[in-house]
Amino acid sequence: MPSPDPDGEAIRDIYDALAEDYNLLLPHLSDLIESYSVIVELIPHEHDDRFRVIDIGIGPGLLSEMIADTFPNAHITGVDISLQMLECAKRRLERFRPRVELLQADVTQSIPGGPYHVAVSANALVYRNMRLADCYKRIRSKLVPGGVFLNSTLIAAENPEIEDAITRSISSRRAALDPNLVKRLQEKGSRVSTFGDNSLAAAYRCEEHLEFFNKSSFDSAAMIWRHRSQALFFAAAGTSQIHA
Ligand SMILES: C[S@@+](CC[C@H](N)C(=O)[O-])C[C@H]1O[C@@H](n2cnc3c(N)ncnc32)[C@H](O)[C@@H]1O
């Protein structure tokens with residue numbers, strides 16, 4: 001899929017090359033996985049409700065798998081710019097067909113389908129090219145009145161001391177992982193990491209995220225959970241219908 005944005009093309013190519021290794025790494029990203037559990041707990045629906053969810057930048061589909069397992073009548077649309085990531089998600093989510101659909105889309109351009117009752121995203125809206133306020137606005141316009149958006153994302157440290165402590169803590173956890181896998185991911189993925197050279201990624205502070213939500217016509221938003229550099233934002237769409 002051609003993208004009008006060179007950063008978008010670079011990100012897509014990097015994730016195409018990384019997909020299988022990222023799929024192996026994902027279960028070990030404990031802060032991210034913990035945030036998935038909080039997302040599932042916070043989805044404001046009963047076990048048997050019928051509702052529509054969009055997972056933005058679905059990657060290998062682990063978050064969507066947890067949602068599909070927890071809510072047997074939820075319909076889930078997973079979107080990603082990388083076809084190889086969508087292949088990994090397809091393998092993981094095959095057993096839920098037809099209530100899970102997977103689509104290739106560049107969410108900096110448009111978000112397919114909708115309206116949705118719930119939008120979720122995990123470490124996908126973390127790239128400089130995304131212009132987060134615009135992206136959040138596009139997501140808001142795809143939600144039903146009363147819908148919610150749960151975004152688990154990287155967050156910038158408040159000061160250099162906190163950043164140092166977080167970096168040390170993350171490095172010591174990395175030591176427990178397969179060094180070859182870590183090496184491959186660092187080599188191929190340096191540009192999509194906030195630590196990488198010439199990085200395409202960006203991490204914002206909590207108040208910047210809240211400002212982006214505020215500019216995007218969400219009724220209210222809060223950081224509801226945080227562990228090290230992983231934070232979860234809960235945003236409520238409010239009752240009016242908004243079109244992009
Ligand atoms: C770090 S991975 C996170 C994947 C998954 N959400 C998870 O929790 O592991 C980032 C994902 O965002 C996707 N992505 C990046 N830019 C995108 C864009 N503009 N539109 C759609 N997906 C995008 C990548 O292809 C990749 O699968």
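Structure: above.
The notes below deal with the structure included here.

Calculation notes
Residues numbered from 1 in each chain as written. Predicted model: local features only at pLDDT ≥ 70, side-chain atom pairs only at ≥ 80, totals over all residues. Buried ≥ 20, exposed ≤ 12 C-beta atoms within 10 Å, placed from the backbone. Helix = DSSP H or I, 4+ residues; strand = E, 2+ residues; numbered from the N terminus. Arc of directions from axis to C-beta. Contact = placed C-beta atoms within 7 Å. Near = placed C-beta within 6 Å. Nonpolar A, V, L, I, M, F, W, Y, C, P; charged D, E, K, R; others polar. Core = buried A, V, L, I, M, F, W, Y, C linked by C-beta atoms within 7 Å. Pairing = 2+ DSSP bridges.

## A closer look at helix 4 (residues 83-93)
For step 1, the next point in the chain: Those residues of helix 4 that sit buried are Met85, Leu86, Cys88, Ala89, Arg92 and Leu93. For helix 4, the angular spread of the buried residues around the axis is 155 degrees, confining them to a single face.
For step 2, the next point in the chain: In this structure, the buried residues of helix 4 make contact with helix 1 (6-25), helix 3 (62-70), strand 2 (74-80) and strand 3 (100-104).

## Examining the site of the ligand
For step 1, the next point in the chain: The ligand sits among 22 residues. The nearest are Tyr15, Gly57, Gly59, Ala122 and Ala124.
For step 2, the next point in the chain: Here the shell around the ligand takes three residues from helix 1, the largest share from any one element.
For step 3, the next point in the chain: Residue composition of the shell around the ligand, grouped by class: 14 nonpolar, six polar and two charged.

## With respect to the environment of Ile11
For step 1, the next point in the chain: Relative to the helices and strands, Ile11 resides in helix 1.
For step 2, the next point in the chain: Since 25 C-beta atoms lie within 10 Å of it, Ile11 is described here as buried.
For step 3, the next point in the chain: Not counting residues within four places of it along the chain, the set of residues in contact with Ile11 comprises Ile81, Tyr127, Val192 and Leu200.

## Some thoughts on the nonpolar core
For step 1, the next point in the chain: Counting 60 residues, the largest nonpolar core has Val53, Ile56, Ala119, Val120 and Ala235 as its most contacted members.
For step 2, the next point in the chain: For Val120, the residues in contact, after removing those within four places along its chain, are Ile39, Val53, Asp55, Leu63 and Leu150.

## Remarks on the pairing of strand 6 (residues 220-227)
For step 1, the next point in the chain: Pairing between strand 6 and strand 7 (residues 230-236): seven bridges, direction antiparallel. Considered in strand 7, the bridge of Ala221 is made with Ala235.
For step 2, the next point in the chain: The loop that links strand 6 with its antiparallel partner strand 7 comprises two residues; one of these, Arg228, has a positive phi angle of about 50 degrees.

## Quick word on unusual backbone geometry
For step 1, the next point in the chain: Omega for the bond connecting Arg97 with Pro98 falls within 30 degrees of zero, at 5 degrees, which places this linkage in the cis form.
For step 2, the next point in the chain: Relative to the helices and strands, Pro98 resides in the loop between helix 4 and strand 3.
For step 3, the next point in the chain: Here the amide bond leading from Gly114 into Pro115 is cis, since omega sits at 0 degrees, within 30 degrees of zero.
For step 4, the next point in the chain: Following the sequence through the fold, Pro115 ends up in the loop between strand 3 and strand 4 (116-122).
For step 5, the next point in the chain: Residue Asn123 is not a glycine yet carries a positive backbone phi of 50 degrees.
For step 6, the next point in the chain: Mapped onto the elements of the fold, Asn123 is located in the loop between strand 4 and helix 5 (132-141).
For step 7, the next point in the chain: Since 20 C-beta atoms lie within 10 Å of it, Asn123 is described here as buried.
For step 8, the next point in the chain: Look at Arg228: it is not a glycine, yet its phi comes out positive at around 50 degrees.
For step 9, the next point in the chain: Tracing the backbone through its elements, the reader meets Arg228 in the loop between strand 6 and strand 7.
For step 10, the next point in the chain: What makes Arg228 partly exposed here is the crowd of 17 C-beta atoms within 10 Å.

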